[in-house]
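Residues per chain, in single letters:
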Amino acid sequence: MVWLALAAVVVVAGISAVLLQKKSEEIKKLSIELAAASQERDEKASAYDALQREFDEKMDRVVQSSIEKIAHAETAKEEAIQAAQDNYEAAAEVHALLKEKEALINKMQKQSIS
């Protein structure tokens, strides 16, 4: 009976060793897969970070360009307003001179008639 018990212990120990070996291989395989997945995740995170930086840089350039265009438009608007005011003032001066000329012509005509 002792031999039978020892034989059972040896068989159980052998089966346990085989099962442990299989589990060890599975763990090793899963560890390799996990390492590959972690590396892929890190690569994707790095690529995402690069895309995010590129996007931010492009957005900064677009915003800066828009600010410059708005500033240029404001300057052009102010110049146009100033030109319109200058034209109005010049037209008013010409109108006043024409009125003076007309008055002189009328005066001269009255003098020549008399």
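See the structure above.
Below is a short write-up of the structure. Small disclaimer: the values here were computed from a predicted structure and weren't measured.

### Quick notes on the overall build of the protein chain
Summing up its helical and strand segments, the protein chain has one helix and zero strands in all. Computed over the C-alpha atoms, the radius of gyration of the protein chain is 48 Å, more than 25% above the 13 Å expected from 2.2 N^0.38 for a compact globule of 114 residues. By its C-alpha atoms, the protein chain is 165 × 15 × 10 Å across when sized along the principal axes. Carbon and sulfur atoms form 65% of the exposed surface of the protein chain, whose accessible area is close to 10,600 Å².

### Some details on the environment of Gln21
Structurally, the position occupied by Gln21 is in helix α1 (residues 2-113). Sequence separation of Gln21 and Ala73 is 52 residues, and the distance between their C-alpha atoms is 77 Å.

### Topic: a nonpolar patch on the surface
A cluster of nonpolar residues, Phe55, Met59, Val63 and Ile67, forms a patch on the protein surface that exposes about 360 Å² of accessible area. In this fold, Val63 is placed in helix α1. A residue is classified by how much of its surface remains accessible, and Val63, at 43% relative accessible area, is partly exposed.

### Describing the pattern of salt bridges
Applying the stated rule across the entire model yields four salt bridges. Of the charged contacts in the structure, one is a salt bridge between Glu40 and Lys44, with a shortest N-O distance of 3.1 Å. One end of the pair, Glu40, and the other, Lys44, are both in helix α1, four residues apart, so they sit about a helical turn from each other. Residue class for Glu40 comes out partly exposed when judged on its relative accessible area of 41%. Exposure remark for Lys44: the relative accessible area of 53% places this residue in the exposed category. Residue Arg41 is joined to Asp42 by a salt bridge in which the shortest nitrogen-to-oxygen separation is 3.0 Å. Owing to a relative accessible area of 52%, Arg41 belongs among the exposed residues under this scheme.

Cut-offs used in this document
- Residues numbered from 1 in each chain as written.
- Predicted model: local features only at pLDDT ≥ 70, side-chain atom pairs only at ≥ 80, totals over all residues.
- Heavy atoms only, no water.
- Helix = DSSP H or I, 4+ residues; strand = E, 2+ residues; numbered from the N terminus.
- Rg over C-alpha atoms; globule rule 2.2 N^0.38 Å.
- Areas by Shrake-Rupley, 256 points an atom, 1.4 Å probe, with all protein chains shown as cover.
- Patch = residues over 30% accessible without salt bridge, like charges linked within 9 Å, V, L, I, M, F, W, Y side chains within 5 Å.
- Salt bridge = Lys/Arg side-chain N within 4 Å of Asp/Glu carboxyl O.
- Buried < 20%, exposed > 50% of the residue type's maximum accessible area, 1.4 Å probe, protein only.

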